[in-house]
Amino acid sequence: MSTEEKSAAPRSLAEALRVRDDVSLAALLRSRPDLITPVPTDLTQLATRAGTRASVVRALERLDRFSLQTAEALAVAPDPASYGELLALMGGDAEDPAVAAALPRAAALLREQALVWGADDRLRLVRTARELLAPSPQHPSPTGLGPTVREATAGMSPGRIQEILGAVGLTSTHDSVSAVSALGALFADRRRMAALLAELPEESREVLDRLVWGPPYGQVTHDPAAHLRALLDRGLLLPTAPGTVVLPREVALHLRAGRAHRVPEPVPPPVEAAAAHRPQVVDATAAGQALAALATVDELLKEWDEGGPTVLRAGGLSVRDLKRTAVALDVPEPVAAFWVELAYGAGLIASDGEAEERYAATPAYDEWRELPPAERWARLAGTWLTATRTPGVVGGRDAKDRTLSALGPNLDRSAAPEVRHRVLALLAGLPEGASPVEESLLARLRWERPLRGPQREQREQREPGKARDDDLRSRIARWTLSEAELLGVTGRGALAAPGRALIGAPEAPRPAAQEETGEPEGPGDKLPVHHHRMPPVAAPLTPAERAAATATAARLLAPLFPEPLDHVLLQADLTAVAPGPLERELADVLGVLADVESKGGATVYRFTPGSVRRALDAGRSAADLHAFLARHSRTPVPQPLTYLIDDVARRHGRLRVGAASAYVRCDDDATLDEILADKRAAGLGLRRLAPTVLAAQADPAALLDGLRAIGFAPAAESAAGDVLIARADSHRTPPRVAPEPVPDGPPAPDDTLLAAAIRAVRAGDLASTTPRKPGPGSGEDGGEGGAPGGTLPRTGAAETLATMQAAVLTGEALWIGYVNAEGAASQRVIAPIRVEGGFVTAYDHTADEVRTYPLHRITGVAELADDAG
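Residues numbered from 1 in each chain as written. Predicted model: local features only at pLDDT ≥ 70, side-chain atom pairs only at ≥ 80, totals over all residues. Heavy atoms only, no water.

Engineer: I'd like a rundown of the overall build of the chain, residues and numbers included.
Structural biologist: When its secondary structure is counted, the chain shows 37 helices and 26 strands. The proportion of buried residues among the 869 residues of the chain is 47%. When contacts within the chain are restricted to residue pairs at least 6 apart in sequence, long-range pairs at least 24 apart make up 67% of them. Of the accessible surface of the chain, which amounts to about 41400 Å², a share of 54% is contributed by carbon and sulfur atoms. (Helix = DSSP H or I, 4+ residues; strand = E, 2+ residues; numbered from the N terminus. Buried < 20%, exposed > 50% of the residue type's maximum accessible area, 1.4 Å probe, protein only. Contact = heavy atoms within 4.5 Å. Areas by Shrake-Rupley, 256 points an atom, 1.4 Å probe, with all protein chains shown as cover.)

Engineer: Explain the pairing of strand E16 (residues 603-606) to me, using residue names and the numbers behind them.
Structural biologist: Inspection of the sheet shows strand E14 (residues 575-578) paired to E16 by four bridges, in the antiparallel sense. Looking at the pairing, Ala 578 lines up with Thr 603 of E16. Here three bridges tie strand E15 (residues 595-598) to E16, and the two strands are oriented antiparallel to one another. Within E16, the position partnered with Ser 598 by the bridge is Val 604. (Pairing = 2+ DSSP bridges.)

Engineer: An account of the sheet that holds strand E25 (residues 849-854) is requested, with residue identities and associated values reported.
Structural biologist: Taken in spatial order, the five strands line up as E25-E24-E23-E22-E26 in an open sheet, and their pairing is antiparallel. Looking along the sheet, the strands with just one partner apiece sit at the ends: E25 and strand E26 (858-863). Along the sheet, successive strands turn relative to each other by an average axial angle of 45°, direction set aside. Set on the sheet, helix H37 (residues 797-810) makes contact with strand E22 (814-819), strand E23 (825-836), strand E24 (839-844) and E26; between it and E23 the angle comes to about 60°. (Axes fitted to C-alpha atoms, helices over the stretch in contact; angles between N-to-C directions.)

Engineer: Now, about the packing of aromatic side chains: what can you tell me, with residues and values included?
Structural biologist: One pass over the structure, following the stated rule, counts four aromatic pairs. Taking 4.8 Å as the distance between ring centres and 65° as the angle between the ring planes, the aromatic pair formed by Tyr 818 and Tyr 853 counts as edge-to-face. Of this pair, Tyr 818 sits in strand E22 while Tyr 853 is found in strand E25, placing the two residues 35 residues apart along the sequence. Tyr 853 sits in the buried class, given a relative accessible area of 3%. Geometry around Trp 368 places Arg 376 over its ring, the cationic atom sitting 5.2 Å from the centre. (Phe/Tyr/Trp six-rings, centres within 6.5 Å; stacked < 30°, edge-to-face > 60°. Lys NZ or Arg CZ within 6 Å of the ring centre and 35° of its normal.)

Engineer: With reference to specific residues and values, describe unusual backbone geometry.
Structural biologist: In this chain, Asp 79 is followed by Pro 80 through a cis amide linkage whose omega measures 0°. The peptide bond linking Gly 214 to Pro 215 adopts the cis configuration, its omega dihedral lying at -5°. Relative to the elements of secondary structure, Pro 215 occurs in the loop between helix H14 (202-211) and strand E3 (217-219). Located in the positive-phi region is Ala 257, a residue other than glycine, with phi close to 60°.

Engineer: So what's going on with the pairing of E14? Residues and values would help.
Structural biologist: Every second residue of E14 is oriented toward a common face, with Thr 575 and Val 577 on one face and Ala 576 and Ala 578 on the other, all of them buried. Relative to E14, strand E13 (residues 569-571) runs antiparallel, the two being bridged by three bridges. Bridge pairing in E14 places Leu 569 opposite Val 577. Two successive antiparallel strands, E13 and E14, enclose a turn made up of three residues, where Leu 574 displays a positive phi of approximately 65°.

Engineer: Describe the confidence of the model for the chain, with residues and values.
Structural biologist: Looking at the chain, the pLDDT average stands at 84 and 87% of residues meet or exceed 70. Counted against residues more than four places away or in other chains, residues 453-469, with its pLDDT under 50, gives 26 contacts. Confidence over residues 511-538 falls short of pLDDT 50; this stretch has 55 contacts with residues more than four positions distant or in other chains. (pLDDT = per-residue confidence, 0-100.)

Engineer: Please give an account of the packing of helix H31 (residues 622-632) against helix H32 (residues 639-651) that cites residues and values.
Structural biologist: Axis separation between H31 and H32 bottoms out at 10 Å; the angle between their running directions is 160°. Classified by the angle their axes make, H31 and H32 are roughly antiparallel. Between H31 and H32 lies a crossing of right-handed hand. Touching Ala 622, Leu 625, His 626 and Leu 629 of H31 are Leu 641, Thr 642, Ile 645, Asp 646 and Ala 649, all from H32. (Parallel < 35°, antiparallel > 145°, perpendicular 65-115°, else oblique. Left-handed = near helix turned anticlockwise from the far one by under 90°.)

Engineer: Tell me about the sheet that holds E15, residues and numbers included.
Structural biologist: Read from one edge to the other, the open sheet built from four strands follows the order E13-E14-E16-E15, with strand pairing classed as antiparallel. Sheet topology places E13 and E15 at the edges, where each strand pairs with a single neighbour. Across the sheet, the mean angle separating the axes of adjacent strands is 30° when strand polarity is ignored.

Engineer: Give me the lowdown on the packing of helix H11 (residues 158-167) against helix H12 (residues 176-188), citing residues and values where you can.
Structural biologist: Put simply, H11 and H12 touch, their axes get as near as 10 Å, and they point 35° apart. In the crossing of H11 with H12, the sense of the turn from one axis to the other is left-handed. In contact with Pro 158, Ile 161, Gln 162, Ile 164 and Leu 165 of H11, H12 contributes Ser 176, Ala 179, Val 180, Ala 182 and Leu 183. In terms of residue class, the contact of H11 with H12 is made up of eight nonpolar, two polar and no charged. (Nonpolar A, V, L, I, M, F, W, Y, C, P; charged D, E, K, R; others polar.)

Engineer: Got a sec to walk through the nonpolar core? Specific residues and values, please.
Structural biologist: Phe 187, Leu 236 and Leu 237 are the most contacted members of the largest nonpolar core, which totals 88 residues. Setting aside residues up to four positions removed in sequence, Phe 187 forms contacts with Val 149, Met 193, Leu 196, Arg 234, Gly 235, Leu 236, Glu 250, Val 251 and His 254. One finds Leu 317, Trp 377, Ile 476 and Leu 502 within the second-largest nonpolar core, a separate group that totals 72 residues. (Core = buried A, V, L, I, M, F, W, Y, C linked by side-chain atoms within 4.5 Å.)

Engineer: Report on the side chain of Glu 250, specifying residues and quantitative values.
Structural biologist: Topologically, Glu 250 is positioned in helix H16 (residues 249-255). In this structure the side chain of Glu 250 is engaged in a polar contact, spanning 3.1 Å, whose partner is the backbone nitrogen of Val 149. When residues no more than four places from it in sequence are discounted, the contact partners of Glu 250 are Thr 148, Val 149, Gly 184 and Phe 187. (Polar contact = N/O pair within 3.5 Å; in protein donor to acceptor, adjacent residues only side chain to side chain.)

Here it is as C-alpha cells:
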C-alpha cells in the first residue's frame, strides 16, 4: 500500500462511516434501528453508539449462522486482518469453494452493519464485538480456539521461553518478545509444524486431538507423564494457571488445517417438502378450518356473554376456569388458551373493571359479529400474526417461578411476530400445496438466528454441528405451525392462498405436473426441496401494507366459504342436522331451542324437554316453534318432536310463581294437591292459601328451580300477573382497546425518517468537522474564537453582527453556535442571506433549508478555513 493510500484509509469507525454514501447509511440504520433512537448529532456519535455493548450484542444476535461464524473468525484473526487471512480461517487449507462463494456476502453484511470496518486488506472487527467473541478463560470462543502464543506466554519467565525455543530447535534470542515471535512463526509454518509433530509419541498426539476442537484447556498434575511433558517442553501446551494448560491458537489451527470452525455453514439448510396436495384441496381445507375458528370464537363469546370467569388478583384466568372453558369448547386446555388469547388480542373480550372483576365481551364483539365471515376471519388472523402475546407459554413458569396463566401478565414474547412471519414466509417458498418437514424448517430458522452465549457453547461442545430444539424461537415456530392450522392460515400443513396473501407473498406458480394431472402427490413421493435461496417474501409489513394484505386475504377467502344455509334436516330421533353454516338468525334461535350435540362439517342439535322449555321461557309459544321448524326444515317435522313441544308447552306456565316471599298459583287445584303430597317439595315450605294458591318460604328463583327439579314446568310471573320472559342479559365491558404488541426494541424506521435522520447526521457532522479559521486573539490552537474540539464558538455581539454582514456581501459560509428557546445548544454551518431587525436569515447546511435565527441566541461565529470542503 502506498503512503497516499495509507493516509486515505479510515483510521476509525467514524471515518469509515463518513465516507459512506446515503444508501449505505440508510442500510445501516434500517438494520440497526437502535442507532437512531434518538438521532445522533453527528457521525462520531453514531460510531460511538454503534460500538456500545448493548447495540453490538443486539446486532450479533440478528446475524445468520455463517455471518456470525465470520465475525467469530475475525475475533481470532490478527487485528487488522486481510480478506485472504479471513478466507483461510473460514475455508481452511482445502479452500472450500462454498465458503469462498458465501464469504463476500457475509463480509459485506458485517461491514454494512458497522460490525466490521476498513478495506479488504485491513479488516477490523469493532472492539466491543472482538471482546464479546474473542476467547478467554471466562468466556470460551464458539470456535473452540484458545489464546495465541503471545497471550498464553504473557506471564511466563524469560528463561522458560528460551528453554522452549531450544526444545523445538530454534536459536535463542536476546529478549522474550522476539522469542515469542519466533515460536509463533514456527507454529504457523505448516511444513515445520508437521515435522515437529511427527517427532511426538502417539499418546501426545492423542492429547492434542482431544483439545483441538475445544475446549482448549486441560488439567495436568505437578509431575506430568512423559507424553504430556513432551508437549509442555515444546510449548505445544502452555501453562495458564497451576495445574491448567492450554492449546495455543496457532497449534490448534495447524491441527485443524487452518479452519476456525469445525463445520462452516455457508449455505442455509433447505426446507424440505414432506407432502404435496392440490392447491384447491389446501384452500378448501383451510377454509373449513377458518369456519371452525369463527364458530369456536363465537361459542367462546356466547359462553361468556352474561359475564365470564372472574379475574385473578394477579390477573388472568384461574386453572379451573381454563379447564371449564376447555370443556365448554370441547378442546384441550392449550387450545382453549389459544382461543381465549386470540379473542383477547382482537379486543373481543376484556375485564369489565367492576368491583368483582370478571371477563366479558366488549362492544367491539357486537361490531365484529356484524362483519362478513371472511372479514371476521381476517381480523383474527391479522391479530394472531402481529401479536406478541404467546399462548404456548401458558402453564409454564415465569422468572419468579409463578405459573403463567391465560390472559395474565408476562405472556408477551417480542420474537413471536417475527418468527410467525418467517415461518409463513418459508412455507410460501415451498411449491404451492406442499407442507414442510418440520425439522428442516426448524433447522433453517436456527441457521438464520443461531443461539449465542453459554447455550450455544454447551450445545456445540456436546453435539458438534447439531442444534437442540428447546430454544424459544423453535418452540414459537412449532406453535406457529399448529396455530396456523387451527386458524385456517394453512390447510393440511401447506400455506393456503389467504395465508399467502396475509404476509404479502406473491402468488406461487403451480408445478407443471400438478397443472396437467390435477392429482395430488402422496407423502411418499419425491418432492422438490426448497434450497438456500430466500423465499420471495418481504420483511414484516408496515401498518398500511398489513391492512392491504388483510383485505386481500379476506377477498380470497370469501369465495371459499359456503353460503349460509336457511334450513336444517329434522330427524325422528329428536335431532336436527345443519349440513353447513347457518344464517345467524336461524343459528341463534336453534341454539336456544336445542342443545349442540356434535360439531364438525355438520352440526347436530338435540331437542330435549329442557331446551324446549328454554325457548318457551324466552317468550316463544308452541305455535311459534311449530311454525319456525316447519319453515326451516327440508324434511317433515317428525311427530315425536311435535309431541315433545306440545307436551312441554301444555305443562309450561300452568304453575305461576310470584313474589310473596313466593307463591304458586294454578287453575287446577289437583296439581297443587300433587305438589303438596310430594315429599321432594317439603324443603320449599309450601302451604295452601286458597284452592288455587300456595305460599312458599323460598324465594321465587329457588321455588322455580325446586319445582322444575321434581318434574313440573312452572313459569315466573310479574306483580301484575303477566308471564315473565326469561331472556339472557348480555353483559358488556366498557369500550376497551386491544392490547398492543410489545416490540423487541425500536421499530424499523420508514424511508421518511431515514432520510431526515441521515440529513441531520450529515449536517451535524459537517458542523463539527469543518475546519475553522482561528478567532481574533487566538493562538495556534484556535483559542476561544476557533473553539476546537467541538465546543461552541464565542464572540461578542458587535463582532458577531459585523461578521454576519460581511458574509452576506461575500456569500461565504460561517460556523455558529446556537441556543434554542428550550436551552439546547448546537453548532451549525450557515450561509447568511440577510441581516435585519435583530435576525439573520441564512441557508442552514445542517437543516438543508433556509431559516431565520435571532441574533441574541447566537453564541458566537467563526469563519470556515479556506480549504474546507
